[in-house]
Amino acid sequence: MILCCGEALIDMLPRVSTAGEACFAPYAGGAVFNTAIALGRLGTPVGFFSGVSTDMLGEILADTLTASKVDTSLLARSDRPTTVAFVRLTDGQASYAFYDEATAGRMLATTDLPALPDRIQALFFGGISLVNDPAASSYEALLAREAGQRLIMIDPNIRPGFIAGQEDPYRTRISRMIAQSDIVKLSDEDLHWLEGAGDTEALAARLLRQGPSLVLITEGANGARAISADGSRHRPAGQVTVVDTVGAGDTFNAGFLAGLAHEGARTRAGLAALTGPQIDACLDLGIRAAGITVSRAGANPPWAHEIGLRA
């Protein structure tokens, strides 16, 4: 099983009412939440760990996880409110306004960290859950506790507006977590935010030297690449009509992890034994899954049958 660790929130997405008025509609979301949902739909055994409210919105989150075959037994439930993010779309690109003060997710503490059963082989971390304490420090503590024992993947999924005023401590935390992870995934924009201007592969190689075995870079319509000690591999993206990009990177992460599962590489030893063609297959699955997500409104990842997988 893969355990996704990070934020769960309600995305308020822009819509038009039956009266023709601009309005917002609530959708369960969050970067790590979306990755868990996508993994469940792709037929990969997956669980989710986060601080989730017992309020009405929290019940929506829990029910949505269950509906997509995600194990919720490790959720840390509390009566604090649910994080809400209002989304604005400009030419299909999403920007966010977060309301996260004193929420169930934000207040996750190290005392909430669960003992992990042996069936969990890999952990995935990322998103805005790595910005604000106490949750950010709690997730970092969980990653540090499990690093070296289970496969670790991280995608910071950087939101500069959410990080404003905390850039230095955030960069320091992400650097520590990257150094302890086996797989690091970044969009090309996130890579440049972290590492500055320069050649994509050179910047990714710099990250590789910090400790990971594999660095994944997504490049939107240009596909994705994987950089390891054996070199760089690139896979193109197919032709897709983009409705919006909400959840695209999250679904890519799920597709790649599902690919690892199909290749029998959900462990650190399995990752080390991956061949180049196997890495290509994982990249392709991530790209195909993300392509379906961007072709429809909201973070709505595909089910296994939509991309020809056996669930």
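Residues numbered from 1 in each chain as written. Predicted model: local features only at pLDDT ≥ 70, side-chain atom pairs only at ≥ 80, totals over all residues. Heavy atoms only, no water.

## Here we look at the pairing of strand E2 (residues 9–16)
Logical step 1: Alignment of E2 against strand E3 (residues 22–29), held across eight bridges, turns out to be antiparallel. For valine 16, the partnering residue across the bridge sits in E3 and is alanine 22.
Logical step 2: Connecting the antiparallel pair E2 and E3 is a turn made up of five residues, with glycine 20 showing a positive phi of about 85°. (Pairing = 2+ DSSP bridges. Helix = DSSP H or I, 4+ residues; strand = E, 2+ residues; numbered from the N terminus.)

## Focus on the nonpolar core
Logical step 1: Ranked by size, the top nonpolar core spans 51 residues in total, and within it Phe48, Ile183, Leu216 and Leu260 carry the most contacts.
Logical step 2: Setting aside residues up to four positions removed in sequence, leucine 216 forms contacts with Met153, Ile183, Val184, Lys185, Leu186, Arg225, Ala226, Phe252, Phe256 and Leu283.
Logical step 3: Ranked by size, the runner-up nonpolar core spans 42 residues in total, among them Leu113, Leu130, Val184 and Ile227. (Core = buried A, V, L, I, M, F, W, Y, C linked by side-chain atoms within 4.5 Å. Buried < 20%, exposed > 50% of the residue type's maximum accessible area, 1.4 Å probe, protein only. Contact = heavy atoms within 4.5 Å.)

## What to know about the environment of glutamine 149
Logical step 1: Structurally, glutamine 149 can be placed in the loop between helix H3 (135–146) and strand E10 (151–155).
Logical step 2: Separated by 27 residues in the primary sequence, glutamine 149 and alanine 122 have C-alpha atoms spaced 9.1 Å apart.

## Concerning the sheet that holds E2
Logical step 1: In spatial order, the strands read E3-E2-E7-E8; together these four strands make up an open sheet with mixed pairing. With partners counted over all chains shown, the strands left at the sheet margins are E3 and strand E8 (93–99), one partner each. Strand-to-strand twist in this sheet, taken as the mean axis angle between neighbours without regard to direction, amounts to 30°. (Axes fitted to C-alpha atoms, helices over the stretch in contact; angles between N-to-C directions.)

## Description of helix H7 (residues 200–208)
Logical step 1: Those residues of H7 not exposed but buried are Thr200, Leu203, Ala204, Leu207 and Leu208. In an axial view of H7, the angular spread of the buried residues amounts to 150°, which keeps them on one side of the axis.
Logical step 2: Turning to H7, the residues buried within the fold contact helix H5 (167–180), strand E11 (183–187), helix H6 (188–195), strand E12 (214–218) and strand E13 (224–228). (Arc of directions from axis to C-beta.)

## Focus on a nonpolar patch on the surface
Logical step 1: A cluster of nonpolar side chains, namely Phe24, Phe86 and Tyr99, defines an oily patch on the protein surface of about 310 Å² accessible area.
Logical step 2: You can see tyrosine 99 is positioned in strand E8.
Logical step 3: By relative accessible area, which is 52% here, tyrosine 99 ends up exposed. (Patch = residues over 30% accessible without salt bridge, like charges linked within 9 Å, V, L, I, M, F, W, Y side chains within 5 Å. Areas by Shrake-Rupley, 256 points an atom, 1.4 Å probe, with all protein chains shown as cover. Salt bridge = Lys/Arg side-chain N within 4 Å of Asp/Glu carboxyl O.)

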